[in-house]
Amino acid sequence: MRTSRGLAAAAPALVAALLLASGAARAAGSPSPRLVEQLQRGGLVLVLRHAVTDQTKHDEVPVDLTDCTTQRNLSADGRAQARSVGRAVRRLHLPVGTVLTSRFCRTRETTRLAFGRGTVEPALLNTITSENDAAWRRQIQAARRLLGTRPAAGTLTVLVTHGVVVTDTTRLTLEEGETLVFRPLGNSRFRLVGRIAPGDWPVLRAPAAARALRVKEYPVPVGTHPHDVAPAADGTVWYTAQATGKLGRLDPATGKVTEVPLGDGSAPHGVIVGPDGAAWVTDGGLNAIVRVDHGTLEVKRYPLPVSSGFANLNTATFDRRGRLWFTGQSGIYGRLDPRSGSMRVFQAPGGVGPYGIATTPAGQVWYASLAGSHVARIDLDSGKSTMLRPPTQGQGARRIWSDSRGRLWVSEWNAGRVARYDPKARRWREWRLPGAAQPYAVYVDDRDIVWLTDFGASAIVRFDPASERFTRVRLRADANVRQLLGRPGIVWGAESGADRLVSVSG
């Protein structure tokens, strides 16, 4: 069994890191709006001790990690506590990235209820019965590395573990359900910036300043004219360099750009991240769908059938069966099965114009027709599509996106409006953007906030359906942002007229 000599036996570097953490603990007070603002920006590590447990139960010795009946598990209050953390994370729009957990049932259940996902990490395993031996020291060193490792840009890392692991690693104590917030400094070094008690989560609020929209630009090679963007799971951002026939990848943390040539004659338009983690590109110049492997950057092309002619490929989306659907402004839409490589191309019933395309949470696929001024739902089995026209005639439905309820949001290029169609109620609503607007892109984030780009004002526009309020963020003149995508807490676009990528958060 471990004894009090454990910390004394730690390496000098560990002691220094622990002193750094404990010194910060003396300065840390109760949670404040400032801490929420820091959390919303990302770059921090949250260490959460599992939620409240049933104290009438005890872990058996030795415990069987595969059998929850041999362990002390969450109580009903603990489960409610974990759910309240999850509600606060969603309400505050905290950009949670990597989530790691101990293998114990109480930590895994806390992780599932609070964050919906998590990966078991050996360094977070309960050390209560550990000896002060080399294995214990290796585990504590591994835990320190997790605390000192900076998360992917703009995200938070969450570690769900046990009180004894936190004490062994930081010399700090915390109650069940409490969270410590650390600033990672690299090389297993970290600084405590705040504590969140279990009862604090429901009442945490962001300051007004934190709710302001924050804009950041990132230059890409001159002359590339980036068209579409797609944030990847690792924090990098793919973009189509339409003018140079390449796919680019930006690392926002360093500003580094990696370019992947797609082939002679390439003119990529859209890019999305597929279920396989790869970038999938609609390439008008190659008249092909192109896959770029995230790890190897290997390029694979899927040419359209010769009989389809020049499609003027636009955008793509995956259905729930793993098939890629795509649009072509020449009057087609198509389907590619990546597993077999089979492809079918369909003639759009409204002729030329298919442009934006999206998949709803229920798995429906809809596209918007710019020239045809309509939207259409695709039958995923037959491939046939059914047209539906918004109330405003000749509105120029350009791009389309779904919110969490399956309602379709459409940017109306000609009409200067954003429209919403509810398939369940079969009802349309439209809102006019401020000024002489030309809404190009539309994207709905994880909070069901609607984002648009306005060519007329060279701006990104935030629309809150609850308040029906527009907030406009002006960009440089002729930024020409044609598409938006995002991840929780941040929206990304490409300034095709300025050779920059742009992010908006808040």
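Here is what the cut-offs are and how they apply
Throughout, residues of each chain are indexed from 1 in the direction in which the sequence is written. Local features in this predicted model are restricted to residues of pLDDT 70 or higher, and side-chain atom pairs are both shown and tallied only at a pLDDT of 80 or more, whereas totals for entire chains, interfaces and linings draw on every residue. Only heavy atoms go into the side-chain values, all of them from the structure, while hydrogens and water stay out. Being paired, for any two strands, means DSSP has found at least two bridges between them. Under the scheme used here, helices are H or I runs from DSSP no shorter than 4 residues and strands are E runs no shorter than 2 residues, and both carry numbers assigned from the N terminus. Every angle, taken between N-to-C directions, lies between 0 and 180 degrees, and every axis is a line fitted to C-alpha atoms, over only the stretch in contact when it is a helix. Pairing of aromatic rings covers Phe, Tyr and the six-membered ring of Trp, with a centre-to-centre limit of 6.5 Å; geometry is then stacked below 30 degrees between planes, edge-to-face above 60, and tilted otherwise. Working definition: with a 1.4 Å probe on protein chains only, accessible area under 20% of the residue-type maximum means buried, over 50% means exposed, and in between means partly exposed. To sit over a ring, a charge needs its Lys NZ or Arg CZ within 6 Å of the ring centre and within 35 degrees of the ring normal. Scored from 0 to 100, pLDDT records how confident the predictor is in each individual residue. Should any heavy atoms of two residues lie within 4.5 Å, those residues are considered in contact. Counting rule for disulfides: a pair of cysteine sulfur atoms within 2.5 Å. When a carboxyl oxygen of Asp or Glu lies within 4 Å of a side-chain nitrogen of Lys or Arg, that pair is called a salt bridge. Handedness of a crossing is defined here by the sense of rotation of the near helix relative to the far one, left-handed for an anticlockwise turn of less than a right angle and right-handed for a clockwise turn. Gly counts as polar in this scheme, as do all residues outside two lists: the nonpolar Ala, Val, Leu, Ile, Met, Phe, Trp, Tyr, Cys and Pro, and the charged Asp, Glu, Lys and Arg. Here the expected length of a helix is defined as 1.5 Å per residue gap, with one fewer gap than residues. N or O atoms within 3.5 Å of each other form a polar contact, as long as, within protein, one can give a hydrogen and the other can take it, and as long as residues adjacent in sequence are counted only when both atoms are side-chain atoms.

**Student:** Run through the sheet that holds strand β11 (residues 256–261), naming residues and quoting values.
**Tutor:** Strand order in the open sheet formed by 4 strands is β8-β9-β10-β11, with antiparallel pairing between adjacent strands. Each end of this open sheet is capped by a strand with a single partner; those strands are β8 (226–231) and β11. Adjacent strand axes in the sheet meet at a mean angle of 25 degrees when their direction is disregarded. The sheet contact formed by strand β10 (residues 246–251) and β11 spans 6 bridges and is antiparallel. Within β11, the position partnered with Leu247 by the bridge is Val260.

**Student:** Which residues make up the packing of aromatic side chains, and what values do they have?
**Tutor:** For the structure shown, the criterion picks out 18 aromatic pairs. Measuring from ring centre to ring centre gives 5.6 Å for Trp280 and Phe318, while their planes differ by 80 degrees; the resulting arrangement is edge-to-face. Remark: Phe318 occurs in strand β16 (residues 313–318) and Trp280 occurs in strand β13 (residues 279–283); sequence separation between them is 38 residues. Taking relative accessible area as the criterion, Trp280 reaches 1% and is therefore assigned buried. By the ring-pair criterion, three or more aromatic residues cluster together here, those being Trp325, Tyr333, Phe346 and Tyr367. In this structure, Arg398 is placed above the aromatic ring of Tyr440, and the distance from its NZ or CZ to the ring centre is 3.7 Å.

**Student:** So what about the confidence of the model for the chain? Which residues, and what values?
**Tutor:** Taken over all residues, the pLDDT of the chain has a mean of 91, while the share at 70 or more is 92%. Here residues 1–29 scores under 50 on pLDDT; set against residues more than four positions off or in separate chains, the count is 53 contacts.

**Student:** Report on the sheet that holds strand β21 (residues 365–369), specifying residues and quantitative values.
**Tutor:** Spatial ordering of the open sheet is given by β20-β21-β22-β23, a layout of 4 strands whose pairing is antiparallel. Each of the sheet's edge strands pairs with one partner strand only, and the pair in question is β20 (354–359) and β23 (385–388). Neighbour-to-neighbour, the strand axes of the sheet open up by a mean angle of 25 degrees, direction not taken into account. With 4 bridges joining them, strand β22 (residues 374–378) and β23 adopt antiparallel strand pairing. In the strand pairing of β23, Val375 is matched with Leu388.

**Student:** Before we move on, could you go through the state of the cysteines and cite the residues and values that matter?
**Tutor:** For the structure on display, the rule yields 1 disulfide. With its sulfur 2.0 Å from that of its partner, Cys68 forms a disulfide with Cys105. Taking the torsion about the S-S bond as the criterion, the Cys68 to Cys105 disulfide, at about -85 degrees, is left-handed. Of this pair, Cys68 sits in the loop between β1 (45–49) and α4 (76–91) while Cys105 sits in helix α5 (residues 105–115); the two residues are 37 residues apart in sequence, bridging distant segments of the chain. Owing to a relative accessible area of 35%, Cys68 belongs among the partly exposed residues under this scheme. Owing to a relative accessible area of 6%, Cys105 belongs among the buried residues under this scheme.

**Student:** Got a sec to walk through the pairing of strand β33 (residues 490–495)? Specific residues and values, please.
**Tutor:** Working note: regular strand, side chains alternate between the two faces of the sheet. Summarising burial for β33: 6 of the 6 residues are buried, a large majority. Alignment of β33 against strand β34 (residues 500–505), held across 6 bridges, turns out to be antiparallel. Bridge pairing links Glu495 to Arg500 in β34. The hairpin formed by β33 and β34 contains 4 residues between the paired strands, and Asp499 there has a positive phi angle of roughly 55 degrees.

**Student:** Give me the lowdown on the pattern of salt bridges, citing residues and values where you can.
**Tutor:** Applying the stated criterion across every chain, the model contains 17 salt bridges. Between Arg429 and Glu468 there is a salt bridge, and its shortest N-O distance comes to 3.1 Å. Taken together, the residues Arg429 in strand β27 (residues 427–432) and Glu468 in the loop between β30 (459–464) and β31 (469–474) connect sequence positions 39 residues apart. In this structure Arg429 comes out as partly exposed when scored by relative accessible area, which is 35%. Linking Arg476 and Glu495 is a salt bridge whose minimum nitrogen-to-oxygen distance equals 3.7 Å. Taken together, the residues Arg476 in the loop between β31 and β32 (481–487) and Glu495 in strand β33 connect sequence positions 19 residues apart. By relative accessible area, which is 35% here, Arg476 ends up partly exposed. A single salt-bridge network, built from bridges that share partners, covers Glu217, Arg476 and Glu495.

**Student:** Could you give an account of the environment of Trp280, naming the residues involved and the relevant values?
**Tutor:** Through-space distance from the C-alpha of Trp280 to that of Phe455 is 26 Å; in sequence the pair is 175 residues apart. Residues within four places of Trp280 in sequence aside, it is in contact with Gly270, Val271, Ile272, Gly274, Ile289, Val290, Arg291, Tyr302, Phe318, Leu324, Leu336 and Pro338.

**Student:** How would you summarise the packing of α4 against α5 if you had to cite specific residues and measurements?
**Tutor:** Across the interface, α4 lies against α5 with an axial gap of 7 Å and an inter-helix angle of 40 degrees. Seen along the crossing, α4 lies across α5 with a hand that is right-handed. Residue-level inspection shows Arg79, Ala82, Arg83, Val85, Gly86 and Val89 of α4 in contact with α5, the latter providing Glu109, Thr110, Leu113, Ala114 and Phe115. Of the residues that constitute the contact of α4 with α5, the class distribution is 6 nonpolar, 2 polar and 3 charged.

**Student:** I'd like a rundown of α4, residues and numbers included.
**Tutor:** In a regular helix each residue adds 1.5 Å, so 16 residues correspond to 22 Å; α4 covers 23 Å between its end C-alpha atoms and thus fits that length. Considered for burial, the residues of α4 that qualify are Gly78, Gln81, Ala82, Ser84, Val85, Gly86, Ala88 and Val89. Where α4 is buried, its residues meet β2 (96–101) and α5. In the stretch just after α4, His93 is the one whose phi turns positive, near 60 degrees.

**Student:** So, helix α6 (residues 134–148): which residues are in play, and what are the values?
**Tutor:** For α6, built from 15 residues, the straight-helix expectation of 21 Å at 1.5 Å per residue is met to within 8% by its first-to-last C-alpha distance of 21 Å. Listed in full, the buried residues belonging to α6 are Trp136, Gln139, Ile140, Ala142, Ala143, Arg144, Leu146, Leu147 and Gly148. Structurally, the start of α6 carries an N-cap: the backbone nitrogen of Ala135 is 3.3 Å from a side-chain oxygen of Asp133.

**Student:** Describe in detail the environment of Ser130, supporting the description with residues and values.
**Tutor:** With respect to the helices and strands, Ser130 occurs in the loop between β3 (119–120) and α6. Counting along the chain gives 186 residues from Ser130 to Ala316, while the straight-line C-alpha distance between them is 52 Å.

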